[in-house]
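A structural walkthrough
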Amino acid sequence: MEVDSRLINKLKEAEKIVFFTGAGISAESGIPTFRGEDGIWNKLSPEELANFNAFMRNPKLVWEWYQYRKNIIHNSKPNAGHYAMVEFEKYFPSVTVITQNVDNLHKRAGSKIVYELHGNIERNFCIKCKKRYDTELEFLDGIPKCDCGGMIRPDVVWFGEYLPADQLKNSELATISSDVFFVVGTSAVVYPAAGLVYTARQYGSFIVEVNTETTEVSKICDVNFQGKAGEILPRILDKLKKIKY
Ligand code: BV8
Ligand code: ZN
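Residues numbered from 1 in each chain as written. Chains lettered and ligands numbered in written order. Predicted model: local features only at pLDDT ≥ 70, side-chain atom pairs only at ≥ 80, totals over all residues. Heavy atoms only, no water.

Assigned secondary structure in the chain consists of 10 helices and 10 strands. Its C-alpha atoms give the chain a radius of gyration of 19 Å, near enough to 18 Å, the size a compact globule of 245 residues would have. Seen along its three principal axes, the alpha-carbon backbone of the chain occupies a region of about 60 × 35 × 30 Å. Relative to its full complement of 245 residues, the chain shows a buried share of 54%. Long-range contacts, defined as pairs at least 24 residues apart, comprise 66% of the intrachain contacts of the chain with a sequence gap of at least 6. (Helix = DSSP H or I, 4+ residues; strand = E, 2+ residues; numbered from the N terminus. Rg over C-alpha atoms; globule rule 2.2 N^0.38 Å. Buried < 20%, exposed > 50% of the residue type's maximum accessible area, 1.4 Å probe, protein only. Contact = heavy atoms within 4.5 Å.)

Surrounding the zinc ion (ligand 2) are the protein donor atoms Cys 126 (SG), Cys 129 (SG), Cys 146 (SG) and Cys 148 (SG), which sit 2.2 to 2.3 Å from the metal. With four donor atoms in place around the zinc ion (ligand 2) and angles of 105 to 118° between them, the coordination shape is tetrahedral. Taken in sequence order, the residues that donate to the zinc ion (ligand 2) follow the motif C-x2-C-x16-C-x1-C. Pair noted here: Cys 126 is in strand β4 (residues 119–126) and Cys 146 is in the loop between β6 (143–144) and β7 (152–156), with a separation of 20 residues, a long-range link. Here Cys 126 matches Cys 146 in class, with each residue buried. (Donors = N, O, S within 2.8 Å, 3.2 Å for Na, K, Ca; no water. Tetrahedral: all angles 85-135°; square planar, octahedral: opposite > 155°, others 65-115°.)

Looking now at helix α8 (residues 165–176). End to end, α8 covers 16 Å across 12 residues, agreeing with the expected 16 Å (1.5 Å per residue, within 8%). On its buried face, α8 is in contact with β1 (16–21), β2 (94–99), β3 (114–116), β8 (180–184) and α9 (195–202). (Expected span 1.5 Å × (residues − 1).)

So, about the environment of Tyr 162. For Tyr 162, the position within the fold is in the loop between β7 and α8. C-alpha of Tyr 162 to C-alpha of Ala 174: the two residues are 12 residues apart in sequence and 20 Å apart in space.

The next thing to look at is the pattern of salt bridges. Scanning the entire structure with this criterion turns up 13 salt bridges. Taking the shortest distance from any N to any O, the salt bridge between Glu 89 and Lys 112 comes out at 3.0 Å. Taken together, the residues Glu 89 in the loop between α6 (80–88) and β2 and Lys 112 in the loop between α7 (105–109) and β3 connect sequence positions 23 residues apart. Looking at Glu 89, the relative accessible area reads 19%, which means it is buried. Under the relative-accessibility criterion, Lys 112 is labelled exposed at 70%. Among the salt bridges present, the one from Asp 155 reaches Arg 132, with a minimum N-O distance of 2.7 Å. Pair noted here: Asp 155 is in strand β7 and Arg 132 is in the loop between β4 and β5 (139–140), with a separation of 23 residues, a long-range link. Connected via shared salt-bridge partners are Lys 107, Glu 116, Arg 123, Arg 132, Asp 134 and Asp 155. (Salt bridge = Lys/Arg side-chain N within 4 Å of Asp/Glu carboxyl O.)

On to the site of ligand 1. Surrounding ligand 1, one finds 36 residues, the nearest of these being Arg 35, Tyr 66, Thr 186, Ser 187 and Asn 211. Val 157 places a polar main-chain atom, nitrogen or oxygen, 2.8 Å from a nitrogen atom of ligand 1. Contacts to ligand 1 include Glu 161, whose backbone N or O atom sits 2.7 Å from a nitrogen atom. Protein chains shield 77% of the accessible area of ligand 1, which is 1500 Å² for the free molecule. Contributing elements (two or more residues each) for the shell around ligand 1: α2 (24–27) and α5 (59–74). (Near = heavy atom within 4 Å. Polar contact = N/O pair within 3.5 Å; in protein donor to acceptor, adjacent residues only side chain to side chain. Areas by Shrake-Rupley, 256 points an atom, 1.4 Å probe, with all protein chains shown as cover.)

For the pair α6 and helix α10 (residues 229–244), interaxial distance at closest approach is 7 Å and the crossing angle is 25°. The orientation of α6 relative to α10 falls into the category roughly parallel. Handedness of the crossing formed by α6 with α10: left-handed. Seen from α6, the contacting residues are Ala 80, Gly 81, Ala 84, Met 85, Glu 87 and Phe 88; seen from α10, they are Ala 229, Gly 230, Leu 233, Pro 234, Ile 236, Leu 237, Leu 240 and Lys 241. Broken down by class, the residue content of the contact of α6 with α10 amounts to 10 nonpolar, two polar and two charged. (Axes fitted to C-alpha atoms, helices over the stretch in contact; angles between N-to-C directions. Parallel < 35°, antiparallel > 145°, perpendicular 65-115°, else oblique. Left-handed = near helix turned anticlockwise from the far one by under 90°. Nonpolar A, V, L, I, M, F, W, Y, C, P; charged D, E, K, R; others polar.)

As a further point, take the domain arrangement of the chain. Each assigned domain of the chain is listed here: domain 1 (1–31 + 78–118 + 163–245) and domain 2 (32–75 + 123–156). Counting from both sides, the interface comprises 15 residues of domain 1 and, opposite them, 11 residues of domain 2. Interface area for domain 1 against domain 2, summed over the two sides, is near 930 Å², with a carbon-plus-sulfur share of 60%. On the surface where domain 1 and domain 2 come into contact, there are one salt bridge. (Domains from an automatic or database assignment. Buried area = accessible area lost by both parts, 1.4 Å probe.)

Turning to α9, its buried residues number three or more, namely Gly 195, Leu 196, Val 197, Thr 199 and Ala 200. Buried residues belonging to α9 abut β1, β2, α8, β8 and β9 (206–211).

Put into structure tokens, the structure is as follows:
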């Protein structure tokens, strides 16, 4: 894979780097994506799982789905793509990760600034009194209950729910001031997260897509690398090392 010379020239003078990531960055860690051929939503659609009404209608099914995913996540670890993003921090004064993923892998890899737009599967709270439960949960007949008697839910953003305002605001600010904006492993169909790519374009960032397929935003990116993030990001990093020394 030839690393585009335009990208290298941009990286030479860049100070602020943003990595905007989706499920594809965790695919090589063994965590299934949502919409690919092996996507976890092929069997059950997001509407049936990732929304509050679905949870109230069938909390046991939704918890089964999150426990299934948590189990996969607990047995997975960050991959070369996550670690390459961490290493970028050695070469630029500002590196920000904005993720749609709830799997905690960017933090486990060691990224210093991570904004989680859709929450984190390791965190939970009571829907009645909002008490947080970020440790092991006790399941009673398939549903964890709070000491107040309320049901506990995962601290993730479901369809129709607002994204955490601080995470979104900070993500927008980082995007606006970014010199190079990497879009990694996302189908870019979920809003308002995907809107960040258009914000990056509006403010003149150099946009680099890394994806195994073309996506909704491919045409507005300056450079498109078609392939696996765990292979492409380390190769870009190798090129970077040669110019930065
Ligand atoms: C909201 C839950 C305000 C957590 C998820 C315009 C503006 C605002 C809202 C909307 C709008 N238009 C529509 C909406 C509504 C809706 C929406 O966007 N619907 C879409 C589907 C049309 N948005 C919302 O409801 C949002 N809330 O707007 O609030 C509001 C409030 C009240 C009333 C009205 C409005 C909430 C969105 C969050 C939903 N929660 N998940 C969880 O359980 O995980 S979304 C779900 O999709 C995940 O969070 C995931 O992160 C996200 C995006 O998916 P991707 O990460 O991109 O994953 P995907 O599988 O799709 O793609 C993987 C990609 O990787 C592929 O391209 C593949 O080619 C690539 N790939 C695979 N392997 C590799 C790879 N790339 C590189 N290397 C590899 N090895
Ligand atoms: Zn409670």
